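The lines below spell out each chain.
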Amino acid sequence: MNPTPTSPDKKGAAEANPSTKAVDWSDFRDHLATAHQDGRRKWIYPRKVDGRFYRWRTWFSWLLLAIMFAGPFITIHGNPLLMMNIVERKFVVLGQIFWPQDMIIFAVAVLVGLTSIVIFTAAFGRIWCGWACPQTVMMEMVFRKIEYLIEGDAHQQRALNAAPWNAGKISKKLFKHAIFYALSFLVGNVLLSYIIGWQQLYQIITDPPAQHLTGLGFMIAFSLLFYGIFARFREQACTFICPYGRFQSVLLDENSIVVAYDHTRGEQRAPIRREQKFSERWQTSHGDCIACNQCVAVCPTGIDIRNGTQMECVHCTACMDACDNVMTKIGAPRGLIRYASLNGIERREPLRFTPRLAGYCVVLLVLTTVLGLLVFLRSEVEATVLRAPGSLFQQMPDGHYSNLYTVRVVNKTSRDIPVELRLQSPAGSLTVMGEGSIVVAAQKLTESSVLIELDPGAMKSGTTPLVIGVYSGGKKIETLKTAFIGPRN
Ligand code: SF4
Ligand code: SF4
């Protein structure tokens, strides 16, 4: 959506009327709101906001926080709700374990997720960022609220930071940062439990520190990372790090619903005179925006939404609430800043199902079908065979040759499965080392050493192809192919 606040042709009108507060065209969207002209960071002090959207977001954030903190403890069929164990290459989604062998399913699921985000963003902008993104929820609904409680509203924080270091300032800052670090430690531990599971995290916490130096290292690293983000980095995580905001410019079009300033109603912006009735404003050249700057004062990314949709806008709705409060006070209808599309504002068009959206939906449908098929056809047991690393062929006393293999069997079901391996070709013998049989526990991976012996007459020079059948309950469930190494003739 293009910025269309006070256009240059309206600039003349603004100059003609000294009460009109026009856009500063010399500095219009020329640099980041969080940076000074010389590039230094400009610290944002967003004013406290109150309003219906903020209240709805607060309730919704409690729900999300409850899910986020309870998530690691929720199990389905004994498996966690969500676990991304990169170290052990084990991923659990909604209680279903996905092994590295299921990577294709995982990759298609990620594509489905990304396409859904694209469709959702094309239709509804960055609603995710404002309502559900963990960064926004934690920053605006937890850390920011604590900051308001300890240091007060924006003007008090500004005054405190400008004040000399005295006992009061030191104690407030120490108190705030101690709470920030404690919370960051908690958030870091929650993240860690989504990676390794809460049981392993509990062991790291309760065992002697020397036994889990790597785990402790990650705990401290995550805590410091989150402390750095929420105490200092803040909105810059959305502006500089998160790629989603950058995608916005290619995903949004004039039909996308975004947090938008209704410039057709708001311009010419101008302060309202004390004695002026709102109904009288339209008899002048003035619009509904009274240039009070409340929408800018509450913005956590420091932007002026009246300048149009911007990459920094996280759709947090704070400016909508602030402007609604102003409109209510001056007796004007709410919604000067609201969820709307450019076409909705300029042509009063409702949300349209555009050909672009239709195209995205077709792609999503295809991907979802592929995903459904992959999950439906996913085998319950999957086996792989590899020659044991570093082993060579050996000649047995009876003249046969032997090779050692490692067979890995993954059981994706929730019941134990006995597995039998049979050498199908060429003729020879197959022995499972150790216990002699394989029983793969539910949702587990078993690794066995297997010795295969061949008669020299059945072997080819150098490499002989092998076919191994994997059976369960007398039924063949998989065929494995590998090679037998022998002497060259
Ligand atoms: S809060 Fe509303 S009235 Fe005030 S400057 Fe922003 S858009 Fe204009
Ligand atoms: S412009 Fe409004 S919705 Fe966007 S980040 Fe600022 S306050 Fe939030």
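Only a predicted model underlies this, so the values are computations on that prediction, with no experimental measurement involved.

So, about the pattern of salt bridges. In the structure shown here, the tally under the stated rule is 19 salt bridges. When the shortest N-O distance is used, the salt bridge between Lys176 and Glu147 registers 2.7 Å. Of the two residues, Lys176 sits in helix H7 (residues 167-196) while Glu147 sits in helix H5 (residues 134-151), which places them 29 residues apart along the sequence. Across the salt bridge formed by Arg348 and Asp262, the nearest N and O atoms sit 3.7 Å from each other. Placement of the pair is Arg348 in the loop between helix H16 (342-347) and helix H17 (355-376) and Asp262 in the loop between strand S6 (258-261) and helix H12 (263-266), with a sequence separation of 86 residues. The class for Asp262 is buried, based on a relative accessible area of 1%. Salt bridges sharing partners connect three or more residues here, namely Glu147, Glu151, Lys173, Lys176 and Arg234.

Pairing in this open sheet of four strands is antiparallel, and the strands run S13-S11-S15-S16 from one edge to the other. Of all the strands in the sheet, just strand S13 (438-440) and strand S16 (475-485) have a single pairing partner and so form its edges. Across the sheet, the mean angle from the axis of one strand to that of its neighbour is 35°, orientation sign disregarded. Bridge count between strand S11 (residues 417-425) and S13: three bridges; the pairing is antiparallel. Residue pairing across strands places Pro418 opposite Val439, the latter belonging to S13.

With respect to the helices and strands, Arg234 occurs in the loop between helix H9 (213-233) and helix H10 (236-241). Of note is the side chain of Arg234, whose polar atom sits 2.8 Å from the side chain of Glu147. Within the local environment of Arg234, its side chain forms a polar contact with the backbone oxygen of Phe230, the two atoms lying 2.9 Å apart.

Helix length check: H5 (18 residues) gives 24 Å between terminal C-alpha atoms against 26 Å at 1.5 Å per residue, within 8%. Among the 18 residues that make up H5, 15 are buried, leaving the element largely enclosed by the rest of the structure. Immediately beyond the C-terminal end of H5, within one or two residues, lies Gly152, with a positive phi of roughly 90°.

We now examine the site of ligand 2. In the vicinity of ligand 2 there are 13 residues, among which Cys299, Cys313, Val314, Cys316 and Cys319 approach most closely. Each residue belonging to the shell around ligand 2 can be placed in one class, and the counts come to 10 nonpolar, three polar and no charged.

Below, the discussion takes up the packing of aromatic side chains. Evaluated as defined, the whole model comprises 12 aromatic pairs. Plain terms: the ring middles of Tyr181 and Tyr227 are 5.9 Å apart, the flat faces sit at 65° to each other, and that makes the pair edge-to-face. Taken together, the positions of Tyr181 in helix H7 and Tyr227 in helix H9 put the pair 46 residues apart, joining distant regions of the chain. Judged by its relative accessible area of 23%, Tyr227 falls in the partly exposed class. The interplanar angle of 65° and the centroid separation of 5.8 Å between the aromatic rings of Phe393 and Tyr401 together place this pair among those described as edge-to-face. Judged by relative accessible area, which is 12%, Tyr401 ranks as buried.

Here the focus is the sheet that holds strand S3 (residues 82-85). The three strands are arranged S3-S4-S5 in an open sheet whose pairing can be described as antiparallel. Each edge of the sheet is formed by a strand with only one pairing partner; in this case those strands are S3 and strand S5 (96-98). Averaged over all pairs of adjacent strands, the angle between strand axes in this sheet comes to 25°, irrespective of strand direction. Relative to strand S4 (residues 90-93), S3 runs antiparallel, the two being bridged by four bridges. Directly across from Leu82, in S4, lies its bridge partner Val93.

Ranked by internal contacts, the top residues of the largest apolar core, which has 25 residues, are Met138, Val142, Phe143, Ile146, Leu192, Ile196 and Phe230. Elements that contribute at least two residues to this core include exactly helix H2 (52-70), H5, H7, helix H8 (198-206) and H9. Considering every element that reaches this core, the biggest residue donor is H7, with eight residues. When neighbours within four sequence positions are excluded, Ile196 is seen to be in contact with Met83, Asn85, Leu201 and Ile204. Tyr401, Leu430, Ile452 and Leu480 belong to the second largest nonpolar core, which has 24 residues in total.

Keep in mind that most residues, glycine aside, have a negative phi and that most peptide bonds are trans. The omega torsion across Glu267 and Gln268 is -5°, close enough to zero to call that bond cis. If you trace the backbone, Gln268 turns up in the loop between H12 and helix H13 (278-281). Of note, the amide linkage connecting Ser425 to Pro426 takes the cis form, showing an omega dihedral of -5°. Although it is not a glycine, His315 adopts a positive phi angle of roughly 55°. The topology assignment puts His315 in the loop between helix H14 (294-297) and helix H15 (318-330).

It is worth spelling out the state of the cysteines at this point. Enumeration over the complete set of coordinates arrives at zero disulfides. Counting only cysteine sulfurs, Cys129 is the nearest neighbor of Cys133, a cysteine outside any disulfide, at a range of 5.9 Å. Since its relative accessible area comes to 16%, Cys133 is described here as buried.

Structurally, Thr214 is set in helix H9. Remark: the alpha-carbon pair of Thr214 and Ile229, spanning 15 residues in sequence, is separated by 22 Å.

The rules behind these values
- Residues numbered from 1 in each chain as written.
- Chains lettered and ligands numbered in written order.
- Predicted model: local features only at pLDDT ≥ 70, side-chain atom pairs only at ≥ 80, totals over all residues.
- Heavy atoms only, no water.
- Salt bridge = Lys/Arg side-chain N within 4 Å of Asp/Glu carboxyl O.
- Helix = DSSP H or I, 4+ residues; strand = E, 2+ residues; numbered from the N terminus.
- Buried < 20%, exposed > 50% of the residue type's maximum accessible area, 1.4 Å probe, protein only.
- Pairing = 2+ DSSP bridges.
- Axes fitted to C-alpha atoms, helices over the stretch in contact; angles between N-to-C directions.
- Polar contact = N/O pair within 3.5 Å; in protein donor to acceptor, adjacent residues only side chain to side chain.
- Expected span 1.5 Å × (residues − 1).
- Near = heavy atom within 4 Å.
- Nonpolar A, V, L, I, M, F, W, Y, C, P; charged D, E, K, R; others polar.
- Phe/Tyr/Trp six-rings, centres within 6.5 Å; stacked < 30°, edge-to-face > 60°.
- Core = buried A, V, L, I, M, F, W, Y, C linked by side-chain atoms within 4.5 Å.
- Contact = heavy atoms within 4.5 Å.
- Disulfide = S-S within 2.5 Å.

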